[in-house]
Number of protein chains: 4
Amino acid sequence: MPRHSLKHHLYVIIFGAHTPAGRAFDIGLIIAIIASLIVLILHSIPALNDKWADVFFYLELSFTVLFTIEYLLRLYCSPKPKAYATSFYGMVDLLAILPTYLALFFPAATYIGVIRMLRVMRIFRILKLVRYLQDSNILLRSLLMAKRKIFIFFSTVGILVIILGSLIYVIEGPDNGFTSVPQSIYWAIVTITTVGYGDLVPQTSVGKAVASITMLLGYSILAVPTGIITAELNQEMNSHKTLVKCPNCMKTGHESDAIHCKFCGSELAEPDERVVPVENG
Amino acid sequence: MPRHSLKHHLYVIIFGAHTPAGRAFDIGLIIAIIASLIVLILHSIPALNDKWADVFFYLELSFTVLFTIEYLLRLYCSPKPKAYATSFYGMVDLLAILPTYLALFFPAATYIGVIRMLRVMRIFRILKLVRYLQDSNILLRSLLMAKRKIFIFFSTVGILVIILGSLIYVIEGPDNGFTSVPQSIYWAIVTITTVGYGDLVPQTSVGKAVASITMLLGYSILAVPTGIITAELNQEMNSHKTLVKCPNCMKTGHESDAIHCKFCGSELAEPDERVVPVENG
Amino acid sequence: MPRHSLKHHLYVIIFGAHTPAGRAFDIGLIIAIIASLIVLILHSIPALNDKWADVFFYLELSFTVLFTIEYLLRLYCSPKPKAYATSFYGMVDLLAILPTYLALFFPAATYIGVIRMLRVMRIFRILKLVRYLQDSNILLRSLLMAKRKIFIFFSTVGILVIILGSLIYVIEGPDNGFTSVPQSIYWAIVTITTVGYGDLVPQTSVGKAVASITMLLGYSILAVPTGIITAELNQEMNSHKTLVKCPNCMKTGHESDAIHCKFCGSELAEPDERVVPVENG
Amino acid sequence: MPRHSLKHHLYVIIFGAHTPAGRAFDIGLIIAIIASLIVLILHSIPALNDKWADVFFYLELSFTVLFTIEYLLRLYCSPKPKAYATSFYGMVDLLAILPTYLALFFPAATYIGVIRMLRVMRIFRILKLVRYLQDSNILLRSLLMAKRKIFIFFSTVGILVIILGSLIYVIEGPDNGFTSVPQSIYWAIVTITTVGYGDLVPQTSVGKAVASITMLLGYSILAVPTGIITAELNQEMNSHKTLVKCPNCMKTGHESDAIHCKFCGSELAEPDERVVPVENG
C-alpha cells in the first residue's frame, strides 16, 4: 500500500491512534457509540418510548447510517478487507448496524434490536489502542498464567454444584420447588456463589443442613481464585522490575530506579537504554 | 499573620491538632457531631418523633448554633477565608448548618434536613489530622498506584453488565419483570455483585442459564480487584521497609540484601548497623 | 504453692495441658461441653421438646452440676482465685451454669437459658492451650499489625453506610418501606456487604441507581481488607523464616532449612540451636 | 504380572494414560460419562420425561451396561482387585451402576437413581492422570500447608455462628420465624456467608442491629481465608522458582540471589548459567 495514498491516510486515521486525526476519530467514535447506546436504552423504557418513539427512531437511523459509512470505510481502507470482515471486531461492527436495517423490513423483530447493545464492545477495541494497554496486559498475562489453576477451580466448582444440586433434589424434591436436577443445580449455583436470590430455599431440616454446607463451601473456596490471581499478579509485577542485568557481574534483580549494581557497585545502563522485553500482544 | 495574635491562636486551636487545646477542641467537636447525628437519626423514627419532636427540635437548633459559631470562627481565623469557604470541607461545613435555617422559614422541606447527615464527613477531616495519617496514606497510595487497573476492571464490569442485562431483557422480556434495559442492567448488577435481592429473578430455563453464568462470573472476577490491591499493598509495604540510607548520597530505597548503594555505588552500612526507622506507633 | 500438694496437682490437670491427665481432662471437658450444647439445641426445637422435655431437663441438670463442680475446683486450685473469677473466661464459666439454677427458681425465664450457649466459648480456651497455638498466633499477630488499617476501613464503611442510607431515605421515603434513617442504614449495610436479603428494595429509578452504586462499592472495597490481611500475613510468614544470622558475615535472610550462609558460605548454627524469637502470647 | 499378557495390556489401557490407546480410552470414557449425565439430567425434567421416558430408559440402560463391562474389566486387570473394589473410586464406580439395576427390580426407588449423578466424580480420576496434575498439586499443597489456619478459621466461624444464632433466637423468638436454635444458626450461616436468602429476616430493631454486626463480620472475616491461601500460594510458587541445583551436593531450594549453596557452602553456578527447569506445558 503506497504510504501517501488516500487509502493509507484513511487507514492511519480509522485504525490507528498515534496521529492527532486518529485520536480525534477515536474520541468522536466513542461519543457516537455512547450516544447511540443511550438512545437504545431510553427506547426500551415503555414510558419514554410512548412519547418519543419517533425521535428515537430517527436518531437511531442516523447513528446506523453513520456506523454504516464507518464500516464501509474500514472495509475500503483495510489492507486485508476479508480478514477484517471475518475478524471478531468485524462481526461486532456488522451486528451493530444490521438489526436496524432488518427492523425496517420486518417491523415485528423488535427484540432483535437489543443486539445493537453489542456496540458497547466496540469501546474495548478503541481502549485497546491507547494508553491502558500495558496495565491491561499485566492483568491479562496474570490470568493467562493462571489459566490452568482457574480451569481446575471451575471444574471443582462445577462438579461440586452438580453433586450438591443432585443431593438437594433428592432431599427436598419437587414439592418444595426443586422440580428437576437442572433447577436444583441452578439453586446450588445461586447458593455457592453467595448470591442467594431466595426464590428457591430448602424447607426441610436436612435440606437446610446441606444448604449450610454449600454456603460455607462457597464462602471459603472464593479464597482460591483470589489467591491464584494475587500470587500471579505479584510475580508478574515483580518480574517487570527485575529484568535489568549488571554489565560487570551480570547479576539481575535490580529495581527499576537503580543506577548502580547492588552486588558489585558498577554502573548499570541508563534506564532509557535498558532493553526491557516489551509485550508483543 | 503575627504569631501571637488572637487570630493565630484560634487558628492553631481550630485547624491544628498538635497543641493540647487543639486536641481538646477536636475531641469536643467529634462528640458534638456524633451527638447531633444521633438526634437526627432519632428524629427520623416516627414513633420517637411523635413523642419528642420538641426536644429534638431544640437540641438540633442548639447544635446548629454551635456549628454556625464554629463555621464563623473558621472563616475569621483562616489565613485564606475565601479558599476555605470554597474548599470541599468548607462546603460540607456550610451544608451541615444551612438546612436547619431553611427549615425555619420553609417548614415543608423536611426531607432536605437529611442533608445534615453529611456532618458525618466532618469526622474524616479531624481523623485526617491525627495519628491514623500514615496508615491511611499507605492505603490511599496503593489505590492510586492501582487506579488504572481498577479503571480497567470497572470498565470490564460495566460492559459485562450492559451485555448481560441486554441479553436477559431479550430472553425474559417485560412479562417476567424485566420491563426495560436499565431495569435489566440493574438486575445484572444485583447478580454480578452477588447481592441477589431476589426482587427480580429469571423465570425461563435459558434465563436461569444466563443468570448462572452471570453469578459465576461475578463470583470469580471478584478475585481481580483483590489481587490488584493486595499486590500493590505488598509492594507499598515492602518499599516502606527498605528505608536504608546510603552514607554517601543519602538516598533511600535499597533492598534489604543490597551491599552497594544502587544510586552512587558506594558501600552501604552492614545490615545490622543500619538504622532502620521503627514505626513509632 | 508447694509443688506436690493436691492443689498443685489439680492445677496442673485442670489448667494445664502438658500432662497425660491434663490432656485427658481437656478432652473429657470438650466432650461434656459439646454434649450439653447438643442438649440445649435439641431442647429449643418445639417438636422434640414436647416429647423429651423431661429427659432434656435432667441431662441439662447433670451437665450443670458437673460444670459447677469444675468451676468450684478451678476456684479452689487457682493460685489467684479472685483473678480467675473476674477474668473473661471465669465470667464465661459462671454464665454457663448460672441460668440453670435461675430457671429452677424462676421458671418463667426460659429464654435466658440460651445464655448457656456461651459454653461454646469455653472450647476456645482449651484449644488455646494445645497445638494450634502457633498458627493462631500468626493469624492474631497479622490482625493486630493491621489493626489501624482495619479501623480506617471500618470507619470508611461506617461513614459510607450512613451517607448512602440517608440518601436512599430521602429518595425512597417511608412509602417504599424506608421508614426511618436507621432502617435505611440497615438497608445500606445489607446491600454494601452483598448480603441482599431483599426484604427492603428500592422501587424508584433513582433509588435503583443509588443501590447499584452501593453494590459496586461493596463489591470492590471488599478487596481492601483482603489486601491488608494478605500483605500482613505475607510479611509475618516471611519474617518467621529469616531471623537466622550468619556468624561470619552477620547477614540475615536465610531460609529455615539453610545450613550455610548464602552470602559468604560459612556454616550457620544448627537449626535447633538457633534462637528464633518465640511468641510470648 | 507378565509384561505382555492381555491383563497387563488392559491394565495399561484402562488405568494408564501414557499410551495412545490409554488416552483414547480416557477420552471415550469421559464422553460416555458426560452423555450419561445429560440423559440423567433430562430424565429429571418432568416435561421432557413425559414424552421421552422410553428413550431415556434405554439410553441409561446402555450406559449402565457399558460402565458394568468397564467395572468388571477393571476388577479383572487390576493387580490388586480387592484393593480397587474397596478404594474410594472403586466405590464410586460401583455406585454409578448399581441404582439402575435396583430400579429394574424395585421400580418405586426413583429418587435413588440420582445417586448415579456421582458419576461426575469419575471425571476427577481421569483428570488426575493427565496434565493438570502439577497445577492441582500446587493448589492442594497450599491448602494442606494452610490446613491448621483454615481449621482455626472454621472453628471461629462455627463458634460465632452458634453465639449469633442463639442471640437472634433470644431477641426475635418463634413469633418472627426463629422457631428454634438450629433454625437461628441456619439464619446466622445464611447471613455471615453473605448469601442472604431473605426467607428469614429480623423484624425488631435490636435484631436488625445484631444482623448488621453479623453481616459486617462475615464481610470482613472473608479476608482471612483469602489471606491465608494467598500467602501459602505465594510461598509455594516462589519455592518452585528457585530450583537451582548445587553442583556439589545437588540440593535445590536456593533463593535466586544466593551465591553459595546454603547446605554445603560450595559456590553455585552464576545466575545466568543456572539451568532453571522450564514448565513443559
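Residues numbered from 1 in each chain as written. Chains lettered and ligands numbered in written order. Predicted model: local features only at pLDDT ≥ 70, side-chain atom pairs only at ≥ 80, totals over all residues. Heavy atoms only, no water.

**With respect to the overall build of chain A**
Here comes step 1: Counting its secondary structure elements, chain A contains 12 helices and 0 strands.
Here comes step 2: Element order for chain A, N to C, with α for helix and β for strand: α-α-α-α-α-α-α-α-α-α-α-α.
Here comes step 3: Burial status across chain A gives 48% buried among its 281 residues.
Here comes step 4: Sequence separation of 24 or more characterises 53% of the internal contacts of chain A that already satisfy a separation of 6 or more.
Here comes step 5: Working note: accessible area of chain A is about 13,600 Å², and carbon and sulfur atoms make up 70% of it. (Helix = DSSP H or I, 4+ residues; strand = E, 2+ residues; numbered from the N terminus. Buried < 20%, exposed > 50% of the residue type's maximum accessible area, 1.4 Å probe, protein only. Contact = heavy atoms within 4.5 Å. Areas by Shrake-Rupley, 256 points an atom, 1.4 Å probe, with all protein chains shown as cover.)

**Here we look at the relation of the copies chain C and chain B**
Here comes step 1: Between chain C and chain B, which share one sequence, the superposing operator has a rotation angle of 90° and an axial displacement of 0.0 Å; the RMSD is 0.1 Å. Both copies of the chain, as the preceding transformation shows, are related through a four-fold rotation axis.
Here comes step 2: When the interface residues of chain C are mapped onto chain B, a mere 16% of them are again interface residues, pointing to distinct binding faces. (Least-squares fit on C-alpha atoms with pLDDT ≥ 70 in both.)

**Quick look at the interface of chain C and chain B**
Here comes step 1: In this complex, chain C contributes 51 residues to the contact, which on the side of chain B involves 48 residues.
Here comes step 2: For the chain C and chain B pair, buried surface summed over both sides reaches about 4,500 Å², with 72% attributable to carbon and sulfur atoms.
Here comes step 3: Taken together, the connections running from chain C to chain B amount to 0 salt bridges.
Here comes step 4: Of all the elements in the fold, those that place two or more residues in the side of chain C that touches chain B are helix H9 (147-172), helix H10 (181-192), helix H11 (205-221) and helix H12 (223-241) of chain C.
Here comes step 5: Of the residues assigned to the side of chain C that touches chain B, the class counts are 29 nonpolar, 16 polar and 6 charged. (Buried area = accessible area lost by both parts, 1.4 Å probe. Salt bridge = Lys/Arg side-chain N within 4 Å of Asp/Glu carboxyl O. Nonpolar A, V, L, I, M, F, W, Y, C, P; charged D, E, K, R; others polar.)

**Some points on empty space enclosed by the protein**
Here comes step 1: Applying the stated criterion to the full structure yields 3 cavities of 30 Å³ or more.
Here comes step 2: Looking at the largest cavity, its volume works out to about 100 Å³.
Here comes step 3: Counted by class, the lining of the largest cavity contains 8 nonpolar, 8 polar and no charged residues.
Here comes step 4: By volume, the second largest cavity is sized at about 70 Å³. (1 Å grid on protein atoms, 1.4 Å probe; cavity = no way out; pocket = protein on both sides within 12 Å on 5 of 7 lines; lining within 4 Å. Points joined across faces, edges and corners; volume = space filled by probe spheres on them.)

**What about unusual backbone geometry?**
For residues that are not glycine, phi is negative in most cases, and the peptide bond is trans in most cases.
Here comes step 1: For B:Thr194, which is not glycine, the phi torsion reads 60° and is therefore positive.
Here comes step 2: Using a relative accessible area of 5% as the deciding quantity, one classes B:Thr194 as buried.

**Regarding the packing of aromatic side chains**
Here comes step 1: Taken as a whole, this structure holds 32 aromatic pairs over all chains when the rule is applied.
Here comes step 2: A ring pair is formed by B:Tyr71 and B:Tyr84, whose centres lie 6.0 Å apart and whose planes are at 45°; its orientation type is tilted. Taken as a pair, B:Tyr71 in helix H3 (residues 46-77) and B:Tyr84 in helix H4 (residues 81-86) lie far apart in primary sequence, 13 residues in all.
Here comes step 3: Take B:Tyr84: its relative accessible area is 6%, and that puts it in the buried class.
Here comes step 4: Measuring from ring centre to ring centre gives 6.4 Å for C:Phe63 and C:Phe67, while their planes differ by 20°; the resulting arrangement is stacked. Residue C:Phe63 and its partner C:Phe67 are located together in helix H3 (residues 46-77), separated by 4 residues, close to a single helical turn. Both residues of the pair, C:Phe63 and C:Phe67, count as buried.
Here comes step 5: An aromatic cluster is defined as three or more aromatic residues linked by ring pairs; in this entry it consists of A:Tyr11, A:Phe15, A:Tyr71 and A:Tyr84.
Here comes step 6: One residue, A:Arg74, lies across the ring of A:Phe15, its end atom 5.0 Å from the ring centre. (Phe/Tyr/Trp six-rings, centres within 6.5 Å; stacked < 30°, edge-to-face > 60°. Lys NZ or Arg CZ within 6 Å of the ring centre and 35° of its normal.)

**Overview of the environment of D:Thr86**
Here comes step 1: Along the chain, D:Thr86 falls in helix H4 (residues 81-86).
Here comes step 2: Within polar-contact distance, the side chain of D:Thr86 engages the backbone oxygen of D:Lys82 at 3.0 Å. (Polar contact = N/O pair within 3.5 Å; in protein donor to acceptor, adjacent residues only side chain to side chain.)

**Some remarks on the UniProt feature "transmembrane region" (unreviewed entry) in chain A**
Residues and elements named next belong to chain A.
Here comes step 1: Listed under "transmembrane region" (unreviewed entry) in the UniProt record, and renumbered for this structure, are residues 27-48, 55-76, 96-118, 150-171 and 209-231.
Here comes step 2: Secondary structure across residues 27-48 comprises 91% helix and 0% strand; the distance between its end C-alpha atoms is 28 Å.
Here comes step 3: A distance of 32 Å separates the end C-alpha atoms of residues 55-76, which is 100% helix and 0% strand. (UniProt positions renumbered as here; feature names shortened; annotations may be inferred.)

**Some remarks on the side chain of C:Ser184**
Residue and element names in this part refer to chain C.
Here comes step 1: For Ser184, the position within the fold is in helix H10.
Here comes step 2: Overall, the relative accessible area of 0% leaves Ser184 in the buried class.
Here comes step 3: Those residues within four positions of Ser184 in sequence are excluded, and the remaining contacts are Gly165, Ile168, Tyr169 and Phe178.

**Details of the side chain of D:Ser78**
All names here are of chain D.
Here comes step 1: Within the fold, Ser78 resides in the loop between helix H3 (46-77) and H4.
Here comes step 2: At 3.2 Å, the side chain of Ser78 forms a polar contact with the backbone nitrogen of Lys80.
Here comes step 3: Other than its neighbours up to four places away in sequence, Ser78 contacts Tyr11, Phe15 and Tyr84.

**So, the packing of H10(C) against helix H11 (residues 205-221) of chain D**
Here comes step 1: For the pair H10(C) and H11(D), interaxial distance at closest approach is 9 Å and the crossing angle is 25°. Taken together, H10(C) and H11(D) sit at an angle that is classed as roughly parallel. At the point where H10(C) passes H11(D), the crossing takes the left-handed sense. Residues C:Gln183, C:Tyr186, C:Ile189, C:Val190 and C:Ile192 of H10(C) pack against D:Lys208, D:Ala211, D:Ser212, D:Met215, D:Leu216 and D:Tyr219 of H11(D).
Here comes step 2: A class-by-class count of the residues in the contact of H10(C) with H11(D) yields 8 nonpolar, 2 polar and 1 charged. (Axes fitted to C-alpha atoms, helices over the stretch in contact; angles between N-to-C directions. Parallel < 35°, antiparallel > 145°, perpendicular 65-115°, else oblique. Left-handed = near helix turned anticlockwise from the far one by under 90°.)

**Points about the confidence of the model for chain A**
Residues and elements named next belong to chain A.
Here comes step 1: When pLDDT is averaged along chain A, the result is 80, and 78% of the positions lie at 70 or above.
Here comes step 2: Taking the mean pLDDT of every element in chain A, the minimum, 71, falls on helix H7 (residues 120-129) and the maximum, 94, on helix H10 (residues 181-192).
Here comes step 3: Across residues 271-281 the pLDDT falls below 50, and counting only partners more than four positions away or on other chains, this stretch makes 9 contacts in the model.
Here comes step 4: Interface confidence for the predicted complex, given as ipTM, is 0.77, next to a pTM of 0.81. (pLDDT = per-residue confidence, 0-100.)

**Details of the pattern of salt bridges**
If charged atoms from side chains of opposite charge come close, those side chains can pair.
All names here are of chain A.
Here comes step 1: Applying the stated rule across the entire model yields 27 salt bridges over all chains.
Here comes step 2: Across the salt bridge formed by Glu70 and Arg74, the nearest N and O atoms sit 2.6 Å from each other. Note that Glu70 and Arg74 are positioned in helix H3 (residues 46-77) at a spacing of 4 residues, about one turn of the helix.
Here comes step 3: Note on Arg74: relative accessible area 3%, which makes it buried.

**Observations regarding H11(D)**
All names here are of chain D.
Here comes step 1: Here H11 is 17 residues long and its end C-alpha atoms lie 24 Å apart, about the 24 Å a rise of 1.5 Å per residue gives.
Here comes step 2: Burial within H11 is extensive, with 12 of its 17 residues counted as buried.
Here comes step 3: Listing the buried residues of H11 in full gives Gly207, Lys208, Val210, Ala211, Ser212, Thr214, Met215, Leu216, Gly218, Tyr219, Ser220 and Ile221.
Here comes step 4: The opening residue of H11, the one whose side-chain oxygen lies 3.0 Å from the backbone nitrogen of Gly207, is Thr204. (Expected span 1.5 Å × (residues − 1).)

**Section: a nonpolar patch on the surface**
Residue and element names in this part refer to chain C.
Here comes step 1: Taken together, the side chains of Phe57, Tyr58, Leu94, Leu98, Leu102, Leu104, Phe105 and Phe106 define a hydrophobic patch exposed on the protein surface, amounting to about 800 Å² of accessible area.
Here comes step 2: Residue assignment for the nonpolar patch shows that the elements contributing at least two residues are H3 and helix H6 (98-105).
Here comes step 3: When residues in the nonpolar patch are grouped by element, the largest group, 4 residues, is from H6.
Here comes step 4: You can see Tyr58 is positioned in helix H3. (Patch = residues over 30% accessible without salt bridge, like charges linked within 9 Å, V, L, I, M, F, W, Y side chains within 5 Å.)

**Considerations on the environment of B:Asn176**
Residues and elements named next belong to chain B.
Here comes step 1: By the secondary structure assignment, Asn176 is in the loop between helix H9 (147-172) and helix H10 (181-192).
Here comes step 2: The residues touching Asn176, leaving out its near neighbours within four places in the chain, are Val201, Gln203 and Thr204.
Here comes step 3: A polar atom in the side chain of Asn176 sits 2.8 Å from the side chain of Glu172.

**Here we look at the environment of D:His8**
Here comes step 1: Along the chain, the position of D:His8 falls in helix H1 (residues 6-15).
Here comes step 2: Counting along the chain gives 70 residues from D:His8 to D:Ser78, while the straight-line C-alpha distance between them is 8.6 Å.

**A closer look at H10(C)**
Here comes step 1: Over its 12 residues, H10(C) runs 16 Å from end to end, which matches the ideal 16 Å to within 8%, given 1.5 Å per residue.
Here comes step 2: In terms of burial, H10(C) is a largely internal element, 11 of the 12 residues being buried.
Here comes step 3: Those residues of H10(C) that fall on the buried side of the exposure criterion are C:Val181, C:Gln183, C:Ser184, C:Ile185, C:Tyr186, C:Trp187, C:Ala188, C:Ile189, C:Val190, C:Thr191 and C:Ile192.
Here comes step 4: Among the structural elements, helix H2 (20-43) of chain B, H9 and H11 of chain C together with H11 of chain D are those in contact with the buried residues of H10(C).
Here comes step 5: Trailing H10(C) by a residue or two, C:Thr194 shows a phi angle of about 60°, which is positive.

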